[in-house]
Amino acid sequence: MAELTLNAVGKTYSGGVKAVSGVDIQISDGEFIVLVGPSGCGKSTLLRMVAGLETVTDGEIHIGSRLVNQLDPAERDIAMVFQNYALYPHMTVRDNMAYGLKNRRTPKAEIETRVAEAARMLELGQYLDRKPRALSGGQRQRVAMGRAIVRQPAAFLFDEPLSNLDAKLRVSMRMEIRKLQQRLGTTSLYVTHDQLEAMTLADRLVVLNGGRVEQIGAPLEVYRKPASTFVAAFIGSPAMSLLDATVEGGRLMLEGHVLAEVDHKAGPVTLGLRAEDLRLVARGGVPMRVEYIEELGAHRVVHGMVGDQSLAVVDQGAEAPGDLIHIAADPARLHLFDAATGQRIDVRSRVGEFAR
Amino acid sequence: MQKIKPFDHLILILGTLFLCVPVLMALMSSTHTAVDIHSNGLFITPGSNGYATYEKVLTHRGGFTGDVTGLLMLKNSLIMGFGFAIGKIVLSMMAAYALVYFRFRFATVLFWMIFATLLLPLEVRIMPSYQVMSQLHLLNSYTGLIVPLLASATGTFFFRQFFKSVPDELLEAARIDGAGPWKFFIDVLVPLSKTMMAAIFIIMFIYGWNQYLWPLLMTTDESFYTLMRGIKSILQVWVGSQIPDYNEAFALAVLAMVPPVAVVVIFQRMFIKGLTESDK
Amino acid sequence: MTDTPLSAQGPTAPSFLHRLRDWWSGETANPVKRVQFGHGLTPWLFVLPQLAVVVIFFYWPSAQAVTSSFYIEDPFGFGSTFVGMENYADALGSKEYLSTAWFTAFFCVVVTALALGIGLLLAVKADKVIRGAESYKTLLISVYAIAPPVAGLIGMMFFDMHMGPFTRLFAFFGHELRVGVDYWDTTIALITISVWKQIPYNFIFFLSGLQSVPVSVREAALIDARSGWRRFKDVTLPLLAPTAFFLLIINITYTMFDTFPIIDVIVKDKPANNPMTLVYKVYLDGFKGNDIGGSSAQSVILMVVVAALTVLQFRFLERRVHYG
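Cut-offs used in this document
- Residues numbered from 1 in each chain as written.
- Chains lettered and ligands numbered in written order.
- Predicted model: local features only at pLDDT ≥ 70, side-chain atom pairs only at ≥ 80, totals over all residues.
- Heavy atoms only, no water.
- Helix = DSSP H or I, 4+ residues; strand = E, 2+ residues; numbered from the N terminus.
- Buried < 20%, exposed > 50% of the residue type's maximum accessible area, 1.4 Å probe, protein only.
- Contact = heavy atoms within 4.5 Å.
- Lys, Arg positive; Asp, Glu negative; His and termini not counted.
- Charge placed at Lys NZ, Arg CZ, Asp CG, Glu CD.
- UniProt positions renumbered as here; feature names shortened; annotations may be inferred.
- Pairing = 2+ DSSP bridges.
- Axes fitted to C-alpha atoms, helices over the stretch in contact; angles between N-to-C directions.
- pLDDT = per-residue confidence, 0-100.
- Polar contact = N/O pair within 3.5 Å; in protein donor to acceptor, adjacent residues only side chain to side chain.
- Buried area = accessible area lost by both parts, 1.4 Å probe.
- Salt bridge = Lys/Arg side-chain N within 4 Å of Asp/Glu carboxyl O.
- Domains from an automatic or database assignment.
- Nonpolar A, V, L, I, M, F, W, Y, C, P; charged D, E, K, R; others polar.
- Patch = residues over 30% accessible without salt bridge, like charges linked within 9 Å, V, L, I, M, F, W, Y side chains within 5 Å.
- Areas by Shrake-Rupley, 256 points an atom, 1.4 Å probe, with all protein chains shown as cover.
- Parallel < 35°, antiparallel > 145°, perpendicular 65-115°, else oblique.
- Left-handed = near helix turned anticlockwise from the far one by under 90°.
- Core = buried A, V, L, I, M, F, W, Y, C linked by side-chain atoms within 4.5 Å.
- Phe/Tyr/Trp six-rings, centres within 6.5 Å; stacked < 30°, edge-to-face > 60°.
- Lys NZ or Arg CZ within 6 Å of the ring centre and 35° of its normal.

S.K.: How should I be thinking about the overall build of chain B in this particular structure?
M.R.: Across its full length, chain B holds 15 helices and 0 strands. Dimensions of chain B, computed from C-alpha atoms along their principal axes, come out at roughly 75 × 65 × 30 Å. Counting over 280 residues, chain B shows a buried share of 58%. Here the analysis covers contacts within chain B between residues at least 6 apart in sequence; of these, 72% occur between residues at least 24 apart. Averaging the locations of the 19 positively and 16 negatively charged side chains of chain B gives two centres separated by 8 Å.

Spelled out as structure tokens, the structure:
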């Protein structure tokens, strides 16, 4: 078990394409870090650089106190769980788990104990002598986990390990991975494109976009204070609505309605509104024309138009498409972003027409 | 972590040299005179006699009856390669279509009858095959050269596998759209098989072009000689000659190997696909 | 694509008779397609050309081979006498036949081992390097297309007693190479040329086998084992086993049959003191010796051997499809 330090890490392919640039992450011992972002954001490349499967072209990676840039994957003391599990098809479950240990000259008795322990934890006991092809997807996933656990490495690396499972299994495996990690206390780096998975698993999230870090923080912190429009739109479901608004004379205006008073220079801004922060009011607020409704059981998501911009609201009511409704929100829950750069603007907003 | 390993390259270079240098030397030596080769051995550099040699091999009449030229043999080899490849594709696609897409009496028996041919290569039954051909009066004919070689199910096997991998929904959709068996075959299956057909064509063209034993038996009339058959006869002439026509033999070898090698190099990707997927 | 010809029959049908009846009428337990076209003449039209070719040029000659193996034909073609198993007894009892059989076996083992070994070595290296990989591949593969007789011709020049480079090489080491005259010298030439011709084929298949090993499995091995040799031995090689087995059969068949032109070019109808394979002997006895009965008996013996090899291959293929 160890700390993991990424210092100005970057990856430039021989063709000149920059996949990752300037990534600084400090991971403390036992922490569960999730790298999240859309496909092509460089999260897998970053993970594979830590594993040693891709060369590091810029910066330094430390595992514990060791600089590992030049080390072979087998020397880095990491274990990896692959998306398609990457089990050795010709080896039994037992041999799959034992293989890495055998190559490290672990004593036989020790290997047996560790495999038995992992099999018990993962409920794989009865499958130890089977080949991977005789296992279900969920069982294969467990074997892949087991192969990582028996190694007792300095860090676990997970490369979208749940994306090949069906929805139900994914949720239960997610829980198991989290419990196992907490029990073992092993530093973990986990890659996913699923923001829900990221939110539920992580001690801290690293949101990546175009090979750069957009934001690092605890899930709730990222959710409550997204650092940019990219993070705002990526984290949370339904996605935060982003609208064009303006500041005129200290007043935040949306489609001609004054929403709040803000300390910000005049000009266009991007306004972020989370559906769950909005509520319906009988009068006042901002009028919205209902377009369609997603019925989710516990609540419903009402999609509509404010002027010609779309907006979503979480609600329990009974409105129908075509209705005109009025919405309002706590000014403290408004998110403002720079219209040009998309960066978060932290301003104090005061009560306005919107909150009435 | 990929590091450049000089040892790996050394082995690859040695392997490549072992395979390619003989070909290169054959090519280069064909441009020197027979006397030159006789006294100095094989060459790795080009000579100045190339035009004369190739001109002679391609156009001068040779052989026992004085009828056969290199050009004629080239033409016959092409007929053999194309005829075999096209015949193979047509026959095997049709048979595979019947076996996969129809439900009819004796289908299984037919299936086994056709696929049993995979068991025995032509070489083990050359003698009786020759007798059959002579009874049918097919010696010294293109039909006799090509058609008997088609009696092997390699292509049928391959197309059967391919057709089985075509989604069932396609046939269902076609039937809903009112296509009968002929329409489905021509409008859907044939266009769908284009890449497969091309891959198989390359393999079969080379196979047909490279035939040796069968043309050797089938053709006594020199106007039906292929390049492979020509190699046999140029060697027969050697016996007893003072300085054998090394250069002409090499020129003939070059003529015989350039077309198939070119096909493989140009269509490398398709060739590998055809080879690895059809032979399995 | 899960079943091969041998498994097209329903594997667990109720009774033998029942199965036979279904088989005969073409009703297989698992039809190839969920929906098929109905009965009628159409399927026959499609299958007829292939069927005709197969019957005329496969079954007829094969049957003829079996029949004439029981007869001795008059050398002048005036008639033939039924002799039962005598041709077989003659063949299997003759010293010449047995020594040819031994040579064929020896030739198969050596050529197969060398061609597979070198092919595998080159494929592994070509799979490993990045720089120049495509050029190596193209050059190594191109030799595949060269016909065996052309290979034989080029090889003959290299082993030419007067000016062949190999002859000179051997002379340098103090051995006078006399290909076409000395039994073992000819053997060396035959083996070299046959291996040379077959390497590209094995290379192509091994390389495509290597490239079908999932990238992530290789990466998992990279994390599990430091030594490259260990990764090769424990992970890559077992995953290549099916390819290797397939190639083993193909290489044996190649050495038995497709080396015919090479032998013909090097030995040139002069069996005198030269090695040859069983197939070449069938050809010599039949066409040069006019011993049709004996040649046919030898053909039939070969047929049995090849059929056994092919069945073995199919049985294995069937299992292999379900691998992994």
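S.K.: In this structure, what is going on with the UniProt feature "transmembrane region" (unreviewed entry) in chain C? I would like to understand it.
M.R.: Residues and elements named next belong to chain C. Feature annotation in UniProt assigns "transmembrane region" (unreviewed entry) to the following positions: residues 41–60, 101–124, 136–159, 199–217, 237–257 and 297–317. In the segment residues 41–60, helix accounts for 95% and strand for 0%; the C-alpha atoms at its two ends are 25 Å apart. Summarising residues 199–217: 84% helix, 0% strand, and an end-to-end C-alpha distance of 27 Å.

S.K.: Would you explain the sheet that holds strand β8 (residues 187–192) of chain A in this entry?
M.R.: In a beta sheet, neighbouring strands are held together by backbone hydrogen bonds and run either parallel or antiparallel to one another. Residues and elements named next belong to chain A. A sheet is described by the order of its strands in space; here 6 strands give the open sequence β6-β7-β8-β3-β9-β10, paired in mixed fashion. Looking at strand neighbours, the two that pair on one side only are β6 (78–81) and β10 (212–217), the edges of this open sheet. Strand-to-strand twist in this sheet, taken as the mean axis angle between neighbours without regard to direction, amounts to 20°. In terms of strand pairing, β6 meets strand β7 (residues 155–159) through 4 bridges, oriented parallel. Bridged to M80 within β7 is L157. Each of β3 (32–36), β7 and β8 touches helix α5 (residues 167–184); the most contacted strand, β3, lies at about 140° to it.

S.K.: Mind showing me how you'd approach the confidence of the model for chain C here?
M.R.: Caution applies to low-pLDDT parts of the model: their predicted coordinates are not meant to be read in detail. Residues and elements named next belong to chain C. On average, residues of chain C carry a pLDDT of 82, and 84% of them reach 70 or more. Taken as a whole, residues 1–14 scores under 50 in pLDDT and shows 33 contacts with residues more than four places along the chain or in a different chain. Overall fold confidence for the complex sits at a pTM of 0.84, while the interface term, ipTM, reaches 0.89.

S.K.: Is there a simple way to think about the side chain of B:S129 in this case?
M.R.: Looking at the element boundaries, B:S129 is found in helix α6 (residues 126–135). One polar contact links the side chain of B:S129 to the main-chain carbonyl oxygen of B:R125, over a distance of 2.7 Å. Every residue in contact with B:S129, bar those within four places of it in the chain, is listed here: B:L122, B:W214 and C:P61.

S.K.: I would appreciate a short explanation of the sheet that holds strand β4 (residues 58–63) of chain A in the present structure.
M.R.: All names here are of chain A. Spatially, the 4 strands line up as an open sheet ordered β2-β1-β4-β5, and their pairing is antiparallel. Strands with a single pairing partner mark the edges of an open sheet, and in this sheet they are β2 (18–27) and β5 (66–67). Two elements, strand β1 (residues 4–12) and β4, share 5 bridges in a ladder whose sense is antiparallel. The residue bridging N7 from the neighbouring strand is E60, located in β4. Packed on one face of the sheet, helix α1 (residues 43–51) meets β1, β2 and β4 and runs near 115° to β1.

S.K.: For this particular structure, what's the right way to read the interface of chain C and chain B?
M.R.: Where interface size is quoted, it is often the accessible area lost as the parts come together. Counting residues at the interface gives 107 residues for chain C, matched by 119 residues for chain B. With both chains or domains summed, chain C and chain B bury close to 11000 Å², and 74% of this area falls on carbon and sulfur atoms. Viewed at the interface, chain B and chain C are joined by 3 salt bridges. The closest approach of N and O atoms between C:K128 and B:D8, which form a salt bridge, is 3.9 Å.

S.K.: Sorry if this is basic, but what is going on with the UniProt feature "transmembrane region" (unreviewed entry) in chain B here?
M.R.: All names here are of chain B. With numbering aligned to this structure, UniProt lists the feature "transmembrane region" (unreviewed entry) at residues 78–99, 106–122, 142–163, 184–209 and 249–272. From the first C-alpha to the last, residues 78–99 spans 31 Å; its make-up is 100% helix and 0% strand. For the annotated span residues 184–209, helix accounts for 96% and strand for 0% of the residues, and the straight-line distance between the end C-alpha atoms is 33 Å.

S.K.: Sorry, what's going on with the domain arrangement of chain C here?
M.R.: Residue and element names in this part refer to chain C. Partitioning chain C into domains gives domain 1 (6–84) and domain 2 (89–320). Counting the surface lost from both domain 1 and domain 2, the interface buries some 750 Å², and carbon and sulfur atoms represent 71% of this. In this assembly, domain 1 and domain 2 are joined by 0 salt bridges. Linking domain 1 to domain 2 there are 1 residue pair in polar contact (both at pLDDT 80 or more). The set of elements that each furnish at least two residues to the side of domain 1 that touches domain 2 consists of α2 (42–68) and β1 (71–73). Residue contributions to the side of domain 1 that touches domain 2 peak at 4 residues, all from α2. Looking at the side of domain 1 that touches domain 2, its residues break down into 4 nonpolar, 4 polar and 1 charged.

S.K.: Could you clarify how one ought to interpret the interface of chain C and chain A in this entry?
M.R.: Listed per partner, the contact involves 19 residues of chain C and 22 residues of chain A. Carbon and sulfur atoms supply 59% of the area that chain C and chain A bury against each other, a total of about 1900 Å² over both sides. Of all residues in chain C, the largest losses of buried area upon contact with chain A belong to C:I223, C:D224 and C:R226, amounting jointly to 36% of the total for that side. Between A:R151 and C:D224 there is a salt bridge; the shortest N-O distance is 4.0 Å. There are 13 residue pairs in polar contact (both at pLDDT 80 or more) connecting chain C and chain A. Put simply, the parts of the chain that give the side of chain C that touches chain A at least two residues each are α9 (215–224) and α10 (228–258) of chain C. Ranked by the residues each element gives to the side of chain C that touches chain A, the list is headed by α9(C), at 8 residues.

S.K.: Sorry if this is basic, but what is going on with a nonpolar patch on the surface here?
M.R.: Together, B:F7, B:L10, B:I13, B:L14 and B:L17 give the surface a local cluster of nonpolar side chains, amounting to about 500 Å² of exposed area. By relative accessible area, B:L14 is classed as exposed at 52%.

S.K.: What's the story with the packing of helix α8 (residues 183–211) of chain C against helix α11 (residues 260–267) of chain C in this structure? I'm lost.
M.R.: Any two packed helices are characterised by how steeply their axes cross, that is the angle between the axes, and by the distance between the axes. Residue and element names in this part refer to chain C. Remark: α8 packs on α11, axes separated minimally by 10 Å, with the N-to-C direction vectors making an angle of 140°. Between α8 and α11, the angle falls in the class oblique. As α8 runs across α11, the sense of the crossing is right-handed. Residues T186, L190, I193 and S194 of α8 form the contact with α11, whose own contacting residues are I262, I263, I266 and V267.

S.K.: How should the side chain of B:Q131 be read in this particular structure?
M.R.: Assignment of secondary structure puts B:Q131 in helix α6. Assessed through its relative accessible area of 16%, B:Q131 is described here as buried. Each residue touching B:Q131, except ones within four places of it in the same chain, is listed here: C:Q64 and C:I292.

S.K.: Which parts of the structure should I look at to understand the environment of C:F245?
M.R.: Here C:F245 lies in helix α10. Residues C:F245 and C:Q313, 68 residues apart in the sequence, show an inter-C-alpha distance of 8.3 Å.

S.K.: Even after reading the chapter, I still don't get unusual backbone geometry, so can you show me in this structure?
M.R.: Most peptide bonds take the trans configuration, and most residues that are not glycine carry a negative phi. In this structure, A:P238 follows A:S237 across a cis peptide bond, with omega equal to 0°. One non-glycine residue with positive phi stands out, namely B:H137, at about 55°. Summarising the element assignment, B:H137 is placed in the loop between α6 and α7 (142–146). Classification of B:H137 as exposed rests on a relative accessible area of 69%.

S.K.: Any chance you could explain the nonpolar core here in plain terms?
M.R.: When a protein is soluble and globular, its nonpolar side chains tend to lie buried together. By size, the foremost hydrophobic cluster in this structure holds 185 residues, and its most contacted members are B:Y97, B:Y101, B:F163, B:F271 and C:V150. In terms of residue count, helix α4 (residues 70–101) of chain B provides more of this core than any other element does, 16 residues in total. Domain assignment of the residues forming this core places at least three in each of domain 1 (6–84) and domain 2 (89–320) of chain C. Residues contacting B:Y101, with those up to four places away along its chain left out, are B:F163, B:V166, B:L171, B:F184, B:L189, C:K33, C:Q36 and C:F37. The next biggest cluster of nonpolar side chains, apart from the first, holds 45 residues, and it includes A:L87, A:I177, A:L180 and A:V222.

S.K.: Teacher, can you tell me more about the packing of helix α11 (residues 194–209) of chain B against helix α14 (residues 246–266) of chain B here?
M.R.: Residue and element names in this part refer to chain B. Running from amino to carboxyl end, α11 crosses α14 at an angle of 170°, the nearest separation of the two axes being 10 Å. Our classification of the angle between α11 and α14 gives roughly antiparallel. Where α11 approaches α14, its residues I202, F205, I206 and W209 are matched on the opposing element by L255, A256, P259, P260, V263 and V264. Of the residues that constitute the contact of α11 with α14, the class distribution is 10 nonpolar, no polar and no charged.

S.K.: Please clarify how the packing of aromatic side chains should be interpreted in this entry.
M.R.: Centre distance and the angle of the planes are the two values used to describe a pair of aromatic rings. As enumerated under the stated definition, the model contains 52 aromatic pairs over all chains in all. Measuring from centroid to centroid gives 5.9 Å for A:F156 and A:F158, while their planes differ by 65°, and the two rings are edge-to-face. Accessibility assignment for this pair places A:F156 and A:F158 in one class, buried. Centroid distance B:Y142 to B:F224: 5.0 Å. Interplanar angle 75°. Geometry classified as edge-to-face. Of the two residues, B:Y142 sits in helix α7 while B:F224 sits in the loop between α12 (213–218) and α13 (227–238), which places them 82 residues apart along the sequence. Residue B:Y142 is classed as partly exposed on the basis of its relative accessible area, which comes to 26%. Using a relative accessible area of 15% as the deciding quantity, one classes B:F224 as buried. Through successive ring pairs, a cluster of aromatic residues spans B:Y97, B:Y101, B:F102, B:F158, B:F159, B:F162, B:F163, B:W182, B:F184, B:F185 and C:F46. Directly above the ring of A:Y88 sits A:R147, whose terminal nitrogen or CZ lies 5.0 Å from the centroid.

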